[in-house]
Amino acid sequence: MRVLLDTHTFLWFLLDDPKLSPLARDIIIDGANKVEISPASFWEIAIKISLGKYELSEPYQDFIEQELTKNAIQILPILPRHTAALIQLPFHHRDPFDRLIIAQAIVEDIPVLSNDAIFDAYPIYRIWNKKSRN
């Protein structure tokens, strides 16, 4: 299965946060799955670190690159077709990082691992726990 990580899912997985659902963790660690992340998440994390909302135990770039490699997480590049999808995307959600992740999921037709229920307002498949929308 191919999945796209929401930013919080990526961080909660890497930081072993108990807020990460067991199902999300199982999907991420299953080597049969292709786990991807949007560069929008890197941008969001960098901004949150600069605002003091997150702290990492090592330099940001080193941390991100090591964790991507260690966990076999692939980067889903942001392409013009992804940003084009933003033009027609309804404003159920105004967070620009999440909107881009949603647009990528729609265009690529892949589920998103996210705890954010507002994603359900869009034509995507969100996976979090067994109660997530199909």
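Reading the values: rules and limits
- Residues numbered from 1 in each chain as written.
- Predicted model: local features only at pLDDT ≥ 70, side-chain atom pairs only at ≥ 80, totals over all residues.
- Heavy atoms only, no water.
- Phe/Tyr/Trp six-rings, centres within 6.5 Å; stacked < 30°, edge-to-face > 60°.
- Helix = DSSP H or I, 4+ residues; strand = E, 2+ residues; numbered from the N terminus.
- Buried < 20%, exposed > 50% of the residue type's maximum accessible area, 1.4 Å probe, protein only.
- Core = buried A, V, L, I, M, F, W, Y, C linked by side-chain atoms within 4.5 Å.
- Contact = heavy atoms within 4.5 Å.
- Pairing = 2+ DSSP bridges.
- Axes fitted to C-alpha atoms, helices over the stretch in contact; angles between N-to-C directions.
- Parallel < 35°, antiparallel > 145°, perpendicular 65-115°, else oblique.
- Left-handed = near helix turned anticlockwise from the far one by under 90°.
- Nonpolar A, V, L, I, M, F, W, Y, C, P; charged D, E, K, R; others polar.

## Concerning the packing of aromatic side chains
Enumeration according to the criterion identifies two aromatic pairs in this entry. Measuring from centroid to centroid gives 5.9 Å for tryptophan 12 and tryptophan 128, while their planes differ by 65 degrees, and the two rings are edge-to-face. Of this pair, tryptophan 12 sits in helix 1 (residues 7-14) while tryptophan 128 sits in the segment after strand 5 (126-127), and the two are 116 residues apart along the sequence. One exposure class covers both tryptophan 12 and tryptophan 128, and it is buried. Summarising the aromatic geometry, the rings of tryptophan 43 and phenylalanine 97 are spaced 4.7 Å apart at their centres and angled 80 degrees between planes, so their arrangement reads as edge-to-face. Taken together, the positions of tryptophan 43 in helix 3 (residues 39-50) and phenylalanine 97 in helix 6 (residues 96-108) put the pair 54 residues apart, joining distant regions of the chain. For phenylalanine 97, a relative accessible area of 12% gives the class buried.

## Some points on the nonpolar core
Across soluble globular proteins, nonpolar side chains have a tendency to be buried as a group. By size, the foremost hydrophobic cluster in this structure holds 22 residues, and its most contacted members are Leu5, Phe10, Ile64, Leu68, Ile73 and Leu113. Where this core is concerned, the elements lending two or more residues are strand 1 (2-5), helix 1, helix 2 (22-29), strand 2 (34-37), helix 3 and helix 4 (60-70). With five residues, the top contributor of residues to this core is helix 1. Not counting the four nearest positions on each side in its chain, leucine 68 is found in contact with Phe10, Ile37, Phe42, Ile73 and Ile75. Ranked by size, the runner-up nonpolar core spans eleven residues in total, among them Leu4, Phe119, Tyr122 and Ile124.

## Focus on the environment of leucine 89
Mapped onto the secondary structure, leucine 89 falls in the loop between helix 5 (80-88) and helix 6. Taking relative accessible area as the criterion, leucine 89 reaches 7% and is therefore assigned buried. Separated by 13 residues in the primary sequence, leucine 89 and isoleucine 102 place their C-alpha atoms 8.9 Å from one another. The residues touching leucine 89, leaving out its near neighbours within four places in the chain, are Arg99, Ile102, Ile106 and Tyr122.

## Some words on the pairing of strand 1
As defined by bridge partners, strand 1 adjoins strand 2 across four bridges and the pair is classed as parallel. For leucine 4, the partnering residue across the bridge sits in strand 2 and is glutamate 36. Judged from the two bridges that link them, strand 1 and strand 4 (residues 112-113) form a sheet pairing that is parallel. Along strand 4, the bridge assignment pairs leucine 5 with leucine 113.

## Overview of the packing of helix 1 against helix 3
Across the interface, helix 1 lies against helix 3 with an axial gap of 9 Å and an inter-helix angle of 70 degrees. Relative to helix 3, the element helix 1 lies roughly perpendicular. As for the relative orientation of helix 1 and helix 3, their crossing is right-handed in sense. Together, Thr7, Phe10 and Leu11 of helix 1 and Ser41, Glu44 and Ile45 of helix 3 make up the contact between the two elements. When grouped by side-chain class, the residues that make up the contact of helix 1 with helix 3 number three nonpolar, two polar and one charged.

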